[in-house]
Amino acid sequence: MRGEIEQAVELLKSSQPEAMEKALALLQETVFSFSMRVCQQREDAEDTMQEVLVKSVPYLSRFESPRALIVWLYKVAKNRCLMNRRKSKFAPTQELSLEALMPDQKELESIVQDGVNPEAFAIRSQEAQWLRAAIQKLPPQYRIVLVLRDMEGLTDEEVAEITGLRAGTVRVRLHRARLFVRKELMKVQGRGRRMQPVAPVARAASEPRPGRCKAMFAELSNYLDEQLDDSMCDELERHLDGCGPCEAFLASLQAAIEQCRKAPAQCPNPRNAAKFRKQILKNYSRIASIRT
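Since the structure is predicted, the reported quantities are computational estimates derived from the model, not experimental observations. (Residues numbered from 1 in each chain as written. Predicted model: local features only at pLDDT ≥ 70, side-chain atom pairs only at ≥ 80, totals over all residues. Heavy atoms only, no water.)

Points about the state of the cysteines
Using the criterion set out here, one finds 0 disulfides in the structure. Cys81 takes part in no disulfide bond, and the closest cysteine sulfur to it belongs to Cys39, at a distance of 3.3 Å. Of the residues examined, Cys81 reaches a relative accessible area of 1% and is grouped as buried. (Disulfide = S-S within 2.5 Å. Buried < 20%, exposed > 50% of the residue type's maximum accessible area, 1.4 Å probe, protein only.)

Considering the confidence of the model for the protein chain
One rule of thumb: low pLDDT means the predicted coordinates there are not for detailed reading. Counting all residues, the mean pLDDT for the protein chain is 82, and 80% of those residues have values of 70 or more. Across the protein chain, the secondary-structure element scoring lowest on mean pLDDT is helix H6 (residues 105-114), at 69, and the one scoring highest is helix H9 (residues 156-163), at 96. (pLDDT = per-residue confidence, 0-100. Helix = DSSP H or I, 4+ residues; strand = E, 2+ residues; numbered from the N terminus.)

Let's talk about the nonpolar core
Judged by nonpolar contacts, the single largest core of 76 residues is most densely connected at Leu27, Phe34, Leu69, Leu138, Leu146, Leu148 and Val181. The element that contributes the greatest number of residues to this core is helix H2 (residues 19-39), accounting for 10 residues. Excluding residues within four positions of it along the chain, Leu69 makes contact with Ile5, Val9, Leu12, Leu27, Leu60 and Phe63. (Core = buried A, V, L, I, M, F, W, Y, C linked by side-chain atoms within 4.5 Å. Contact = heavy atoms within 4.5 Å.)

Remarks on the packing of helix H8 (residues 140-151) against helix H14 (residues 244-262)
Where H8 contacts H14, the axes come no closer than 8 Å and their chain directions differ by 80°. Here H14 runs roughly perpendicular to H8, going by the angle between their axes. Every residue of H14 that contacts H8 at Leu146, Arg149, Asp150 and Met151 is listed here: Ile257, Cys260 and Arg261. Of the residues contributing to the contact of H8 with H14, the split by class is 4 nonpolar, no polar and 3 charged. (Axes fitted to C-alpha atoms, helices over the stretch in contact; angles between N-to-C directions. Parallel < 35°, antiparallel > 145°, perpendicular 65-115°, else oblique. Nonpolar A, V, L, I, M, F, W, Y, C, P; charged D, E, K, R; others polar.)

So, H8
Summarising burial for H8: 10 of the 12 residues are buried, a large majority. What H8 keeps buried is the set Tyr142, Arg143, Ile144, Val145, Leu146, Val147, Leu148, Arg149, Asp150 and Met151. Following H8 by one or two positions, Gly153 adopts a phi angle in the positive range, close to 80°.

Examining the packing of aromatic side chains
Under the criterion given, the structure shown has 4 aromatic pairs. When the centroid spacing of 6.1 Å and the interplanar angle of 45° are considered together, the rings of Phe63 and Trp72 count as tilted. Assessed through its relative accessible area of 16%, Phe63 is described here as buried. Cluster of aromatic residues (ring-pair linked, three or more members): Tyr59, Phe63 and Trp72. (Phe/Tyr/Trp six-rings, centres within 6.5 Å; stacked < 30°, edge-to-face > 60°.)

A word on the packing of H2 against H8
At a minimum axis distance of 10 Å, the contact between H2 and H8 shows a crossing angle of 140°. Judged by the inter-axis angle, H2 sits oblique to H8. Here the hand of the crossing between H2 and H8 comes out right-handed. Mapping the contact onto sequence places Phe34, Arg37, Val38 and Cys39 in H2 and Arg143, Ile144, Val147, Leu148 and Met151 in H8. Of the residues in the contact of H2 with H8, the class split is 7 nonpolar, no polar and 2 charged. (Left-handed = near helix turned anticlockwise from the far one by under 90°.)

A short note on the environment of Ala177
By secondary structure assignment, the location of Ala177 is in helix H10 (residues 167-192). Each C-alpha atom of the pair Ala177 and Val147 lies 9.7 Å from the other, and the pair is 30 residues apart in sequence. Non-local contacts of Ala177, meaning those with residues more than four positions away in its chain, are made with Leu96, Leu138, Tyr142 and Leu146.

Points about the environment of Trp130
With respect to the helices and strands, the residue Trp130 is situated in helix H7 (residues 125-137). Distance from Trp130 to Val188, taken between C-alpha atoms, is 7.2 Å for residues 58 residues apart in sequence.

So, the pattern of salt bridges
Inspection of the entire model under this criterion finds 18 salt bridges. The partner of Glu51 in a salt bridge is Arg80, with the nearest N and O atoms 2.7 Å apart. Taken as a pair, Glu51 in helix H3 (residues 42-56) and Arg80 in helix H4 (residues 66-84) lie far apart in primary sequence, 29 residues in all. You can call Glu51 partly exposed: its relative accessible area is 28%. Look at the salt bridges and you will find they share partners, linking Arg149, Asp150, Asp156, Arg171, Arg178, Asp225, Glu258 and Arg261 into a network. (Salt bridge = Lys/Arg side-chain N within 4 Å of Asp/Glu carboxyl O.)

See below:
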């Protein structure tokens, strides 16, 4: 749960005159950050932020819990982003398949040989651009799930409620979105510079076992999120213990997920945001006075 949402709910319960404006400022940051990650266009994100808050203000006092408020905000913002999203010319139109996202023999050998240094995935300006570009290429139905789950920090259940998907579908789309982003990041990092080697992966010379590797491949996100039952977890760990390429691949996937989670949020223009808050509060006060 984003901390600013909890603060906003507390402010909305306050009777202090400036509480509403402070709450709106926090909500602006939340909606704008999410919209930028989905739309990748500042103008679209600002339009979404304004429209969501205009729709939300009359109902804000009704939200008793941060969870209820955040689900409402993201649901309205998601609909607005998908409706008006400026489609990237690079966005693939097909569904993402596990087969297409599996690494080939050449990539596996490269990962095993070079190792995976988490520092190579650190959020610096160039890496942040690569991450934004990779997310922009995701089909929208996968991008929404990745942004909500890994970048906004929501739970599977909250993502399911916001998107209208079943929890199982959320997990499938999240895993494939993560794999896609990992693959895109490895491409650009390979072109831009060699990743710094780390300690060699044990059993690096072992030949991968394609059948078992593929079976384990679909469970990697569940493993990293600690959502496998004990027997499946033990089986996967035994496989990783004897398969250097899969062990190295898991490390690269985990590093890509961490990059998503640590990506800095973007903020709206302070002057424009303050101007909009004053306008919306003025309109809200006028409407409230007419009703009374």
